Amino acid sequence: MPTSDGRLLVLERGFPVGVGSTVRLYLADLRHATDPRRIDTLTGQDGVRLARKTLLADLVNRPSLGAQAKQPQPNPLLDNIEGLTITGRTPDGRLTLLLVSDDNQNAVQTTRLYSLSARLPRTVKC
């Protein structure tokens, strides 16, 4: 999901068996990274600039808000989160986000909408 300044919000999710859903929100900045299209290998290349990736939130570590899970989860509020969109900004400039989980028509999963806000770190010039 692109931000207005060209960075990307990245939803990273997983489901380790026996652990449950993991969900992290990152900010990725590709603007100053080397374009790899004309490079055969990136290993050992002088002058290659990598993209920057900054963790904004690990949702496993957020309050569960009393949610119940139908299967083992590290945070019962989480489930199969598959969608992310930016819905606007708060008066103090934070992005407002909407995330969605999908139950996949599976009795042990839950469909939920998650509304949250995120303050993005300032741009770092390379």
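Just so it is clear, the model here is predicted, and its values are computed rather than measured.

Engineer: Please explain the pattern of salt bridges as it appears in this structure.
Structural biologist: Pairing between side chains becomes possible if they bear opposite charge and their charged atoms approach one another. By the definition in use, this model includes 9 salt bridges. Put simply, Asp5 and Arg7 hold a salt bridge, and the shortest N to O gap is 2.8 Å. Classification of Asp5 as partly exposed rests on a relative accessible area of 30%. Taking the relative accessible area as the measure of exposure, Arg7 reaches 6% and is therefore buried. Residues Arg24 and Asp58 are paired through a salt bridge, measuring 3.4 Å at the closest nitrogen-oxygen approach. In this pair, Arg24 is assigned in strand β2 (residues 22–29) and Asp58 in strand β3 (residues 52–58), connecting sequence segments 34 residues apart. A single salt-bridge network, built from bridges that share partners, covers Glu12, Arg24, Lys53 and Asp58.

Engineer: It is not clear to me how unusual backbone geometry should be interpreted in this structure. Could you clarify?
Structural biologist: Glycine aside, residues mostly have negative phi angles, and peptide bonds mostly take the trans form. In this model, Leu65 sits at a positive phi of 55 degrees, which is unusual for a non-glycine residue. Position of Leu65 among the secondary structure elements: in the loop between β3 and β4 (81–89). Looking at Leu65, the relative accessible area reads 71%, which means it is exposed. Phi is positive for Gln105, close to 55 degrees, though the residue is something other than glycine. Mapped onto the elements of the fold, Gln105 is located in the loop between β5 (95–101) and β6 (112–118).

Parameters and conventions
- Residues numbered from 1 in each chain as written.
- Predicted model: local features only at pLDDT ≥ 70, side-chain atom pairs only at ≥ 80, totals over all residues.
- Heavy atoms only, no water.
- Salt bridge = Lys/Arg side-chain N within 4 Å of Asp/Glu carboxyl O.
- Buried < 20%, exposed > 50% of the residue type's maximum accessible area, 1.4 Å probe, protein only.
- Helix = DSSP H or I, 4+ residues; strand = E, 2+ residues; numbered from the N terminus.

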